[in-house]
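Breakdown of the fold
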Amino acid sequence: MYDYLIVGAGLYGAVFAREAVKAGKTCLVIDKRPHIAGNIYTQRVEGINVHVYGAHIFHTNSKRVWDYVTQYADFNRFTNSPVANYKGELYSMPFNMYTFNKMWGVVTPEEAAAKIQEQRREITGTPRNLEEQAISLVGRDIFEKLVKGYTEKQWGRDCKDLPAFIIKRLPVRLTFDNNYFNTLYQGIPIGGYTGLVERLLEGIEVRLNTDYLADKANLDALADKVVYTGPIDAYFDYRLGYLEYRSVRFETELLDMPNFQGNAAVNYTDRATPWTRIIEHKWFEFGKDENGNDLPKTVISREYSSEWKPGDEPYYPVNDERNGALYQQYKALADQESKVLFGGRLGEYKYYDMDRVIESALDRAAEVL
């Protein structure tokens, strides 16, 4: 008999398991996939650590989280500086002086601010949707070229039909600064994320290819408590209806060339290009192997955003009013489960960055262990 059955060998499950073992508890970690690390799983191809489920760039302002995670991996100094491609025109992201210079030919922060201010004027009153919110932040030109097409592909909806809050934090900088996250700590685990999760789970029993919901009664009988990190609506057999997600499909190719696009991430911001972005994985580790040698090949992934349907991998919760209300109903059911703790991106139906997942798991462990 184990103290804890942990459903999901991703970041939340692995951190909780490590903390439980430190507290003297016994754990069994299970995952229905054939590998650990959930969506941060990295796979080695021709010396390149490929982010199989999309780009993951660790960034945080929390010293507590950074100190915790760096016990289990050394991080490189990768800084996220995406490029936007609009019909062959390339722009710096996030929106900064390089972007404004390319868009309008302005040279000083004062000129850029005046241009944005002039274009903002078309929105009067409180923005009612994402389109109005974006224009009120960056003006019509940047909205049309760099926000509209990308956002509509990402969410599968017209910008006029999306809530304003999605884009409230659009970074706009009147400096020549391409550092997207601008957080105190940022980087990629050297050797990939799988190694980080392996170290978190060291000495802990893990069973892969194990579908919890397909064998729930037998698996529940193995432990006093369950930590469940899967979709909360699936746990309750969708009895109140389905929560909505956006899903992502990847087309990954190994190319016999040293450099495809010269950057880890290039966003395609026009509506006509079917993919949202192309990731070139080697640039997360500067195109080098562990010995500092240049890698002769490259791996790229085209990302396509899609509406989630049962059987697809859920990625981003659709945090609108309807789904928020439905989640609260499921949470009320979850709160009645005395033996089960719900956690993580799917268990809490939240769009968590990795640092917040770790923080959430540490907080929960401190509370119950």
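For the structure given in this document, a descriptive report is provided here. Please read these numbers as outputs of a predicted model, since none were measured by experiment. (Residues numbered from 1 in each chain as written. Predicted model: local features only at pLDDT ≥ 70, side-chain atom pairs only at ≥ 80, totals over all residues. Heavy atoms only, no water.)

Residue position: E132 is located in helix α5 (residues 130-138). Every residue in contact with E132, bar those within four places of it in the chain, is listed here: I123, T126 and P127. (Helix = DSSP H or I, 4+ residues; strand = E, 2+ residues; numbered from the N terminus. Contact = heavy atoms within 4.5 Å.)

With that settled, the discussion passes to the sheet that holds strand β6 (residues 83-86). Taken together, seven strands build an open sheet; the order of strands is β7-β6-β12-β13-β14-β11-β15 and the sheet is mixed. Strand pairing shows two members of the sheet lacking a second neighbour, β7 (89-92) and β15 (316-317), which therefore form its edges. Bridging between strand β12 (residues 265-268) and strand β13 (residues 277-280) involves three bridges; their strand directions are antiparallel. By the bridge assignment for β13, A265 is matched with I279. Of the strands in this sheet, β6, β7, β11 (245-255), β12, β13, β14 (298-307) and β15 touch helix α6 (residues 140-155), which is tilted by about 95 degrees from β6. (Pairing = 2+ DSSP bridges. Axes fitted to C-alpha atoms, helices over the stretch in contact; angles between N-to-C directions.)

For G13, the position within the fold is in helix α1 (residues 11-22). Exposure remark for G13: the relative accessible area of 1% places this residue in the buried category. The spacing of G13 and A37 is 24 residues in sequence and 9.1 Å in space, taken between C-alpha atoms. For G13, the contacting residues outside a window of four places in its chain are I6, G8 and T229. (Buried < 20%, exposed > 50% of the residue type's maximum accessible area, 1.4 Å probe, protein only.)

What follows covers the packing of aromatic side chains. Across all of its chains, the model carries 27 aromatic pairs by this definition. Aromatic side chains W66 and F75 sit 5.0 Å apart centroid to centroid with 55 degrees between the ring planes, which places their arrangement in the tilted category. The exposure class assigned to F75 is buried, which follows from its relative accessible area of 14%. With a centroid separation of 5.3 Å and an interplanar angle of 70 degrees, the aromatic rings of F78 and F284 are classed as edge-to-face. With F78 in the loop between α2 (63-69) and β6 and F284 in the loop between β13 and β14, the pair connects residues that are 206 residues apart, well separated along the chain. Look at F78 and you get buried, because its relative accessible area is 6%. We note K102 situated over the ring of Y91; from NZ or CZ to the ring centre the distance is 5.1 Å. (Phe/Tyr/Trp six-rings, centres within 6.5 Å; stacked < 30°, edge-to-face > 60°. Lys NZ or Arg CZ within 6 Å of the ring centre and 35° of its normal.)

What follows is about the nonpolar core. Judged by nonpolar contacts, the single largest core of 54 residues is most densely connected at L5, F95, F100, Y212 and Y228. For F95, the residues in contact, after removing those within four places along its chain, are F100, V138, I142, L146, V147, L170, P171, V172 and R173. Formed by 52 residues, the second largest nonpolar core is a distinct cluster that contains A9, A73, F78 and I204. (Core = buried A, V, L, I, M, F, W, Y, C linked by side-chain atoms within 4.5 Å.)

Going through the model one piece at a time under the given rule, you end up with 29 salt bridges. Across the pair R128 and E132 runs a salt bridge whose closest N-O atoms are separated by 2.5 Å. Residue classification places R128 among the exposed positions, given a relative accessible area of 69%. Residues D312 and K309 are paired through a salt bridge, measuring 3.4 Å at the closest nitrogen-oxygen approach. Given a relative accessible area of 25%, D312 falls into the partly exposed group. Counted as one network, the salt bridges with shared partners bring together E122, E131, R140, E144 and K160. (Salt bridge = Lys/Arg side-chain N within 4 Å of Asp/Glu carboxyl O.)

Scope: geometric values only; no functional claims are made or implied.
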